[in-house]
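Single-letter residue listing:
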Amino acid sequence: SILLVIVKLEMAPKRSAADKSKSSDQNSVPLISASALQHNLGVLEYARTCQSAAAGMAAGVLGLTSIPGFLFYFSVVLIQALFWESKSSFAWSSYFLDRTASLGHSLISGLFTYVLFWVFLYGMVHVY
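Residues numbered from 1 in each chain as written. Predicted model: local features only at pLDDT ≥ 70, side-chain atom pairs only at ≥ 80, totals over all residues. Heavy atoms only, no water.

### Some thoughts on the nonpolar core
- Within the largest apolar cluster, 9 residues are counted, these being Leu37, Val43, Leu44, Ala47, Trp84, Trp92, Tyr95, Phe96 and Ala101.
- For this core, the element with the most residues is helix α3 (residues 34–62), which contributes 4 residues.
- Among residues more than four places away in sequence, those in contact with alanine 101 are Leu44 and Phe96.
- Formed by 8 residues, the second largest nonpolar core is a distinct cluster that contains Ala55, Val76, Leu111 and Tyr114. (Core = buried A, V, L, I, M, F, W, Y, C linked by side-chain atoms within 4.5 Å. Buried < 20%, exposed > 50% of the residue type's maximum accessible area, 1.4 Å probe, protein only. Helix = DSSP H or I, 4+ residues; strand = E, 2+ residues; numbered from the N terminus. Contact = heavy atoms within 4.5 Å.)

In structure tokens:
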């Protein structure tokens, strides 16, 4: 089994009222770990690729064609986004820069992987 771990981004430490008066522009810029952000995007990419392959195999074996096949992919993407939301305790700003990362990151490349497995298994099970 593979354990996918997302790393919490390090934010700027809280400052006291005296420190806030010294420099107000430094408080508006959070400190973010670039390596943690890159790791989180890599984990999301890996999970989306695996999910797309598994969903494509399921759609091919189930014999889905045309619009129901694509609707199946996008419904699986939404379910995966909900899993990622719950895994992050609904605090995406602590793990990613943009909240739409769970839905939008590698959506098209995942679709290509999905179609590849979908067509291959549909052909193997239902055509040949």
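### Regarding unusual backbone geometry
- Residue serine 89 is not a glycine yet carries a positive backbone phi of 55 degrees.
- Among the secondary structure elements, serine 89 is positioned in the loop between α4 (66–87) and α5 (101–104).
- Under the relative-accessibility criterion, serine 89 is labelled exposed at 57%.
- Residue serine 106 is not a glycine yet carries a positive backbone phi of 55 degrees.
- Tracing the backbone through its elements, the reader meets serine 106 in the loop between α5 and α6 (107–127).

### Things to note about the UniProt feature "transmembrane region" (unreviewed entry) in the chain
- The residues that UniProt annotates with the feature "transmembrane region" (unreviewed entry) are residues 61–83 and 103–125.
- Between the end C-alpha atoms of residues 61–83 there is a gap of 24 Å, over a span that is 87% helix and 0% strand.
- In the segment residues 103–125, helix accounts for 91% and strand for 0%; the C-alpha atoms at its two ends are 30 Å apart. (UniProt positions renumbered as here; feature names shortened; annotations may be inferred.)

### Observations concerning the packing of aromatic side chains
- Summed over the entire model, instances satisfying the criterion amount to 4 aromatic pairs.
- Ring geometry for phenylalanine 70 versus tryptophan 118: centroids 5.2 Å apart, planes at 90 degrees, classification edge-to-face. Of this pair, phenylalanine 70 sits in helix α4 while tryptophan 118 sits in helix α6; the two residues are 48 residues apart in sequence, bridging distant segments of the chain.
- With a relative accessible area of 33%, phenylalanine 70 lands in the partly exposed category.
- Overall, tryptophan 118 belongs to the buried group, its relative accessible area being 7%.
- What links up through ring pairs into an aromatic cluster is the set Phe70, Tyr73, Phe74, Tyr114 and Trp118. (Phe/Tyr/Trp six-rings, centres within 6.5 Å; stacked < 30°, edge-to-face > 60°.)

### Comments concerning the environment of glutamine 51
- Its location among the elements puts glutamine 51 in helix α3.
- Separated by 29 residues in the primary sequence, glutamine 51 and glutamine 80 place their C-alpha atoms 8.0 Å from one another.
- With residues up to four places along the chain from it excluded, the contact list for glutamine 51 reads Tyr73, Val76, Val77 and Gln80.

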